[in-house]
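What follows is each chain in one-letter form.
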Amino acid sequence: MIVLAVAVVLAVGPERLWERFGPADLGDVEFATLVRRDQPNDALACLPEYCEAKIDIPAPVIAKPQADVFLAVQQALAGEPGLEQVAGDAAAGTLRYVQRSKLMRFPDTISVQVMPASGGGSAVLLYSRSQLGKSDFGVNRARLERWIGLIQAAAQK
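The following refers to the structure shown. (Residues numbered from 1 in each chain as written. Predicted model: local features only at pLDDT ≥ 70, side-chain atom pairs only at ≥ 80, totals over all residues. Heavy atoms only, no water.)

### Here we look at the packing of aromatic side chains
Summed over the entire model, instances satisfying the criterion amount to 1 aromatic pair. Look at tyrosine 97 and tryptophan 147: their rings are 5.7 Å apart centre to centre, the planes differ by 85°, and that puts the pair in the edge-to-face class. Placement of tyrosine 97 in strand S5 (residues 94–100) and of tryptophan 147 in helix H4 (residues 139–155) is noted, with a sequence separation of 50 residues between them. Accessibility expressed as a relative area gives 3% for tyrosine 97, which makes it buried. (Phe/Tyr/Trp six-rings, centres within 6.5 Å; stacked < 30°, edge-to-face > 60°. Helix = DSSP H or I, 4+ residues; strand = E, 2+ residues; numbered from the N terminus. Buried < 20%, exposed > 50% of the residue type's maximum accessible area, 1.4 Å probe, protein only.)

### A word on unusual backbone geometry
The backbone of phenylalanine 137 sits at a positive phi, close to 55°, despite the residue not being glycine. Along the chain, phenylalanine 137 falls in the loop between strand S7 (122–130) and H4.

### Things to note about H4
Relative to the 24 Å expected for 17 residues at 1.5 Å per residue, H4 spans 24 Å between its end C-alpha atoms, a close match to the ideal helical length. Looking only at H4, the buried set comprises Asn140, Arg143, Leu144, Trp147, Ile148, Ile151, Ala154 and Ala155. For H4, the buried positions fall inside an angular range of 135° around the axis, keeping them on one side. (Expected span 1.5 Å × (residues − 1). Arc of directions from axis to C-beta.)

### Section: the pattern of salt bridges
Under the defined criterion, the tally for this structure stands at 8 salt bridges. For the salt bridge of arginine 96 with aspartate 28, the shortest nitrogen-to-oxygen distance reads 2.2 Å. Placement of the pair is arginine 96 in strand S5 and aspartate 28 in the loop between helix H2 (14–18) and strand S1 (42–46), with a sequence separation of 68 residues. On the basis of relative accessibility, which here comes to 10%, the residue arginine 96 falls in the buried class. (Salt bridge = Lys/Arg side-chain N within 4 Å of Asp/Glu carboxyl O.)

### Topic: the side chain of serine 130
Of note, serine 130 is situated in strand S7. Polar side-chain contacts of serine 130 include one of 3.1 Å to the side chain of aspartate 108. (Polar contact = N/O pair within 3.5 Å; in protein donor to acceptor, adjacent residues only side chain to side chain.)

### Describing the side chain of glutamate 80
By the secondary structure assignment, glutamate 80 is in the loop between helix H3 (66–77) and strand S4 (83–89). On the accessibility criterion, glutamate 80 (11% relative accessible area) is buried. A polar atom in the side chain of glutamate 80 sits 2.7 Å from the side chain of arginine 146. Not counting residues up to four positions away in its chain, the partners in contact with glutamate 80 are Gln99, Arg146, Trp147 and Leu150. (Contact = heavy atoms within 4.5 Å.)

### What about the state of the cysteines?
The final tally for this structure, using the stated rule, is 1 disulfide. Here cysteine 46 pairs with cysteine 51 through a disulfide, and the sulfurs are 1.9 Å apart. Handedness of the cysteine 46-cysteine 51 disulfide follows from its S-S torsion of about 80°: it is right-handed. (Disulfide = S-S within 2.5 Å.)

### So, the nonpolar core
Residues Val73, Val112, Val124, Leu126, Trp147 and Ile151 are the most contacted members of the largest nonpolar core, which totals 23 residues. Mapped by element, the contributors of at least two residues to this core are S1, H3, S5, strand S6 (107–116), S7 and H4. Setting aside residues no more than four positions away along its own chain, leucine 126 makes contact with Phe31, Ala43, Leu44, Ala45, Ser111, Val112, Leu144, Trp147, Ile148 and Ile151. Within the second largest apolar cluster, 14 residues are counted, among which are Cys46, Met115, Ala117 and Tyr127. (Core = buried A, V, L, I, M, F, W, Y, C linked by side-chain atoms within 4.5 Å.)

And the structure:
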């Protein structure tokens, strides 16, 4: 029965099916006032001075100006599979992406904000959340950990 359901989803096109649950892009977030979900299907990389919500991973602070780090974020993520940039504002240091899983094309929305860090340099705040499901099996947290590594590497170039 499960195999039949998966076959139907793949035949119809998973992206069209998931659209019935709402748009893939879940919209903007305000990190300072962010309210985390009750379900374990999101992850937050932030610093206490920027977010009141529970933080999963400390946000990276990169010893470069905001504009340089903003460009490094875009360069770092350019090769990510299934990633689409849906919004961006260089002046505000914000980016928003939708990334889809490989097989079933589940959409996740990832918000990024690059801002001046209190001790100098730039902080990269990230929030990744799933559109569907009650649990993401750690996918959003793993994504943020991977992205932080990519961003730090790109910023060193």
